[in-house]
Amino acid sequence: MKVRLVSSIAIVCCVGYSWQWLAAQEETKYPSPDGRFALRITQPTDDEYHPSVELIEKESGKVILMLHDRSEPDLFDPSECVLVWSADSKRLAYGFRANPPGARLEERSALICFWNDSGFDKVFLPENLPSPRIKYPKGQGGNVKPYGGGVTPLRWLKSGDLELASEEMMFSRDDNKSYTGTLHFAISFDAQHKPSVKNVGKTTTEASD
């Protein structure tokens, strides 16, 4: 009887574990330089576009900051989420695609977070960020249609500034080509973490069929 009981318990545990794994899949990535924190994405297998995206303490799994709540009604694709850490692990930039999967326009945005000795405080980027000015061939660009753009965090500089890329994508009906304009700029932060734009670069334009 004891053997049968143990076997039954083992089967129940295995079934329960398998059901939990199938109900939601977790992925942990982008660890902080000090190894303390990481990004955790949890996706229900029957509703993959309502995930939770959390900043966690790696060792304990404790949620430090909720970046995207699965209870939100809007669709969200976490596959393009990215964390950019400062060298001291006290600042991070969370980049994400802001619109639902399958949308005609790709919109990218970013959220900045600063360590306050007990957690991370969110800081939002300024509203009017630099945008590229796409350079079209002579006689082209008069009939264009946007299909995406936004900002992506790239790296933290030694100065404490954050470098980002601003991108804009257009389709030209004049020559049936796609044009992508990209420029780099930096965001600086004062003692209260108020952001301001600086060091705006020049637009580079790429065309593709």
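Residues numbered from 1 in each chain as written. Predicted model: local features only at pLDDT ≥ 70, side-chain atom pairs only at ≥ 80, totals over all residues. Heavy atoms only, no water.

**Student:** Please provide a residue-by-residue account of the overall build of the protein, values included.
**Tutor:** Counting secondary structure elements, the protein contains one helix and 13 strands. Scanning the protein from its N terminus toward the C terminus, one meets helices and strands in the order α-β-β-β-β-β-β-β-β-β-β-β-β-β. Buried residues in the protein amount to 37% of all 209 residues. Sequence-distant contacts, at least 24 apart, represent 45% of the contacts inside the protein between residues at least 6 apart. Put simply, the protein shows about 12700 Å² of open surface, and 51% of that area lies on carbon and sulfur atoms. (Helix = DSSP H or I, 4+ residues; strand = E, 2+ residues; numbered from the N terminus. Buried < 20%, exposed > 50% of the residue type's maximum accessible area, 1.4 Å probe, protein only. Contact = heavy atoms within 4.5 Å. Areas by Shrake-Rupley, 256 points an atom, 1.4 Å probe, with all protein chains shown as cover.)

**Student:** Talk me through the environment of Ala-186; I want residue IDs and the actual numbers.
**Tutor:** Along the chain, Ala-186 turns up in strand β11 (residues 177–189). The exposure class assigned to Ala-186 is buried, which follows from its relative accessible area of 4%. Distance in space between the C-alpha atoms of Ala-186 and Leu-154 is 9.7 Å, their sequence separation being 32 residues. Ignoring sequence-local partners within four residues, the contact set of Ala-186 consists of Asp-161, Leu-162, Glu-163, Ser-196, Val-197, Lys-198 and Asn-199.

**Student:** Go over the pattern of salt bridges with me, naming the residues and quoting the values.
**Tutor:** Inspection of every chain in the model, using the stated rule, returns nine salt bridges. In this structure, Glu-57 and Arg-36 form a salt bridge, with 3.4 Å as the shortest nitrogen-oxygen distance. You can see Glu-57 sitting in strand β3 (residues 52–57) and its partner Arg-36 sitting in the loop between β1 (24–29) and β2 (37–44), a full 21 residues away along the chain. Note that Arg-40 is salt-bridged to Glu-54, the shortest N-O span being 3.0 Å. Separated by 14 residues along the polypeptide, Arg-40 in strand β2 and Glu-54 in strand β3 bring together distant segments of the chain. (Salt bridge = Lys/Arg side-chain N within 4 Å of Asp/Glu carboxyl O.)

**Student:** I'd like to hear about the layout of surface pockets, residue by residue, with values.
**Tutor:** Here the idea is plain: a probe the size of a water molecule rolls over the atoms and shows the empty space left. The volume enclosed by the largest pocket comes to roughly 320 Å³. Lining the largest pocket are 21 residues, and of these Arg-108, Leu-129, Gly-149, Gly-150 and Val-151 lie nearest its centre. For the lining of the largest pocket, the secondary structure elements donating two or more residues are β7 (106–115), β9 (144–156) and β10 (162–172). When residues of the lining of the largest pocket are assigned to their parent elements, the largest contribution, five residues, is made by β9. When the residues that make up the lining of the largest pocket are grouped by side-chain class, the tally is ten nonpolar, six polar and five charged. A volume near 170 Å³ is recorded for the second largest pocket. Considering the residues around the second largest pocket, the lining is formed by 13 residues, among which Leu-67, Tyr-94, Phe-96, Leu-111 and Phe-124 are closest to the centre. (1 Å grid on protein atoms, 1.4 Å probe; cavity = no way out; pocket = protein on both sides within 12 Å on 5 of 7 lines; lining within 4 Å. Points joined across faces, edges and corners; volume = space filled by probe spheres on them. Nonpolar A, V, L, I, M, F, W, Y, C, P; charged D, E, K, R; others polar.)

**Student:** How would you summarise the nonpolar core if you had to cite specific residues and measurements?
**Tutor:** Nonpolar side chains tend toward joint burial in soluble globular proteins. Core analysis: the largest hydrophobic core is formed by 18 residues, its most contacted members being Val-53, Leu-55, Leu-92, Tyr-94 and Phe-120. Counting only elements with at least two residues in this core, the list comes to β2, β3, β4 (63–68), β5 (82–85), β6 (91–97) and β7. With 16 residues, the next largest nonpolar core counts Val-82, Phe-114, Trp-156 and Phe-189 among its residues. (Core = buried A, V, L, I, M, F, W, Y, C linked by side-chain atoms within 4.5 Å.)

**Student:** Account for the sheet that holds β2, with residues named and values stated.
**Tutor:** Spatial ordering of the open sheet is given by β1-β2-β3-β4, a layout of four strands whose pairing is antiparallel. At either end of the open sheet lies a strand with only one pairing partner, and these are β1 and β4. With strand direction ignored, the average angle separating the axes of adjacent strands in the sheet is 25°. Across four bridges, the pairing between β3 and β4 is antiparallel. (Pairing = 2+ DSSP bridges. Axes fitted to C-alpha atoms, helices over the stretch in contact; angles between N-to-C directions.)

**Student:** Account for the pairing of β7, with residues named and values stated.
**Tutor:** Every other side chain in a regular strand lies on the same face of the sheet, so the side chains alternate between the two faces. Sheet topology note: the β6/β7 ladder contains seven bridges and is antiparallel. When the sheet's bridge partners are listed, Ala-93 is paired in β7 with Ile-112. Pairing between β7 and strand β8 (residues 120–124): five bridges, direction antiparallel. Pairing of Leu-111 across the sheet is with Phe-124, part of β8.

**Student:** Break down the packing of aromatic side chains for me, citing the residues and quoting the values.
**Tutor:** As enumerated under the stated definition, the model contains eleven aromatic pairs in all. On the basis of an interplanar angle of 70° and a centroid distance of 6.1 Å, the ring pair of Trp-85 and Phe-120 is categorised as edge-to-face. Highlighted residues: Trp-85 in strand β5 and Phe-120 in strand β8, separated in sequence by 35 residues. Each member of the pair, Trp-85 as well as Phe-120, is classed as buried. Aromatic side chains Phe-114 and Phe-189 sit 5.1 Å apart centroid to centroid with 70° between the ring planes, which places their arrangement in the edge-to-face category. Here Phe-114, found in strand β7, pairs with Phe-189, found in strand β11; they are 75 residues apart in sequence, far enough to count as distant. The same class applies to Phe-114 and to Phe-189, which are both buried. Taken together, the ring pairs in this structure connect Phe-37, Trp-85, Trp-115 and Phe-120 into an aromatic cluster. (Phe/Tyr/Trp six-rings, centres within 6.5 Å; stacked < 30°, edge-to-face > 60°.)

All quantities given are derived from atomic positions and should not be read as evidence of function.
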